[in-house]
Amino acid sequence: YIMNDYNICIDFLRDNGVEVVGYVKTKEGYPNINSYRDPQLVKDDIDLWASNSYSTIDGIFIDEVTNRWPNKKFDSIQAAVSFYPNIVDYVLDSKMYNRAVLNPGNMYDENMTVKYRGDSRVITIVQESSQRKYMPKETSGQTCSDLLWCQPSNGCIPAEPLYPEGIWCRHVRDQDGIEPLKKLMDEGAIFPDQTALLIYGAVDDEYITIHAVELGIANNVAWFWITSDSSPNPWDEPPTERIMNGLVKAIPDTIK
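Presented here is an overview of the structure given in this document.

Calculation rules
- Residues numbered from 1 in each chain as written.
- Predicted model: local features only at pLDDT ≥ 70, side-chain atom pairs only at ≥ 80, totals over all residues.
- Heavy atoms only, no water.
- 1 Å grid on protein atoms, 1.4 Å probe; cavity = no way out; pocket = protein on both sides within 12 Å on 5 of 7 lines; lining within 4 Å.
- Points joined across faces, edges and corners; volume = space filled by probe spheres on them.
- Nonpolar A, V, L, I, M, F, W, Y, C, P; charged D, E, K, R; others polar.
- Axes fitted to C-alpha atoms, helices over the stretch in contact; angles between N-to-C directions.
- Helix = DSSP H or I, 4+ residues; strand = E, 2+ residues; numbered from the N terminus.
- Parallel < 35°, antiparallel > 145°, perpendicular 65-115°, else oblique.
- Left-handed = near helix turned anticlockwise from the far one by under 90°.
- Contact = heavy atoms within 4.5 Å.
- Expected span 1.5 Å × (residues − 1).
- Buried < 20%, exposed > 50% of the residue type's maximum accessible area, 1.4 Å probe, protein only.
- Arc of directions from axis to C-beta.
- Polar contact = N/O pair within 3.5 Å; in protein donor to acceptor, adjacent residues only side chain to side chain.
- Disulfide = S-S within 2.5 Å.
- Phe/Tyr/Trp six-rings, centres within 6.5 Å; stacked < 30°, edge-to-face > 60°.
- Lys NZ or Arg CZ within 6 Å of the ring centre and 35° of its normal.
- Salt bridge = Lys/Arg side-chain N within 4 Å of Asp/Glu carboxyl O.

### Comments concerning empty space enclosed by the protein
Applying the stated criterion across every chain yields a total of one cavity of 30 Å³ or more. Of the voids in this model, the largest cavity is the one considered here, and its volume is about 50 Å³. Residue composition of the lining of the largest cavity, grouped by class: four nonpolar, three polar and one charged.

### What about the packing of helix α7 (residues 206-218) against helix α8 (residues 241-250)?
The geometry of a pair of packed helices is captured by two quantities: the angle between their axes and the separation between those axes. Interhelical geometry of α7 versus α8 gives an angle of 40 degrees and a closest axis separation of 8 Å. Relative to α8, the element α7 lies oblique. The element α7 and its partner α8 pack so that their crossing is right-handed. Together, Glu 206, Thr 209, Ile 210, Val 213 and Ile 217 of α7 and Arg 242, Ile 243, Asn 245, Gly 246, Leu 247, Lys 249 and Ala 250 of α8 make up the contact between the two elements. Partitioning the contact of α7 with α8 into residue classes produces six nonpolar, three polar and three charged.

### Let's talk about helix α2 (residues 39-50)
Between its first and last C-alpha atoms α2 spans 17 Å; for 12 residues at 1.5 Å apiece the expected length is 16 Å, and the two agree. Within α2 the residues assigned to the buried category are Val 42, Lys 43, Ile 46 and Trp 49. The arc that holds every buried residue of α2, seen down its axis, measures 105 degrees, which confines them to one face. The residue sitting at the N-terminus of α2 and contributing the capping side-chain oxygen is Asp 38; that oxygen lies 2.8 Å from the backbone nitrogen of Gln 40.

### Remarks on the state of the cysteines
All told, the structure shown has two disulfides when counted by the stated rule. A sulfur-sulfur distance of 2.1 Å marks the disulfide that ties Cys 144 to Cys 169. Handedness here is read from the sign of the S-S torsion; for Cys 144 and Cys 169, about -115 degrees, the answer is left-handed. Of this pair, Cys 144 sits in helix α5 (residues 144-147) while Cys 169 sits in the loop between α5 and α6 (179-187); the two residues are 25 residues apart in sequence, bridging distant segments of the chain. Using a relative accessible area of 1% as the deciding quantity, one classes Cys 169 as buried. Here the cysteine-cysteine linkages of the protein are recorded as 1-4, 2-3, numbering only bonded cysteines and doing so in sequence order.

### Considering the packing of aromatic side chains
By the definition in use, this model includes nine aromatic pairs. Between Tyr 23 and Phe 61 the ring centres are 6.1 Å apart and the planes differ by 20 degrees, which places this aromatic pair in the stacked class. A residue pair is termed long-range when its members are at least 10 positions apart, and Tyr 23 in strand β1 (residues 21-25) and Phe 61 in strand β4 (residues 59-63) qualify at 38 residues. Against the face of Tyr 36 rests Lys 27, its NZ or CZ located 4.8 Å from the ring centre. Stacked on the ring of Tyr 163, the Lys or Arg Arg 173 has its end atom at 4.1 Å from the ring centre.

### Notes on the pattern of salt bridges
Applying the stated criterion to the full structure yields 12 salt bridges. Among the salt bridges present, the one from Lys 27 reaches Asp 75, with a minimum N-O distance of 3.8 Å. Highlighted residues: Lys 27 in strand β2 (residues 27-28) and Asp 75 in the loop between β4 and α3 (77-94), separated in sequence by 48 residues. The class for Asp 75 is buried, based on a relative accessible area of 9%. Notably, a salt bridge pairs Lys 115 with Asp 89, separated by 2.8 Å at the nearest N-O pair.

Structure below.
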């Protein structure tokens, strides 16, 4: 019955023009991640989505991707650059899907996706966070300066000018190493429709949602999921009507 329910949902969404991607994880030990999964096991999960057990889907959501600051106990940028293109290639070339979504949940190393620059089939999520870490002024009365790990009180002076609200808000200029990625996004080498944003704990307000999307578009983001849902699982409820109305009004027809 559960499998049948999944397939009814998948078919309903795709029949109504919604793109559906199947989930696979790439690491072990969540929430205390401590190692990579065997890549063959990840591919086996992709094979399951591609099997007759499920209705046809459009692609694969690849979770637990290494971000720009890997856990040095078991991970590295070199390991990520080796591991993830192998999985993406399997999704796109071996399984012939038209979508691979990578979720590092934060800024990532641009070398991990170098071969996919300009390939809109591949999307990477650059921020998965609460709304107050994305646009603090309207949601908590704070500023981006308040969110920085680098504070004068602990002897650290962040370089000016600070990044404004949006995907770069929490990052320290010239110290967090995000400038190469930002440059590629700003110059269009990484297309806007290759970048996504996941925001939870959002204010249930249409106009704040519109502003959140406008900030993302200004930062070269074209894919958005914004929900007022919150921890421990902020992804099990759809956006409210107000938030959905804001998304529909704010996202240009060229992106929808």
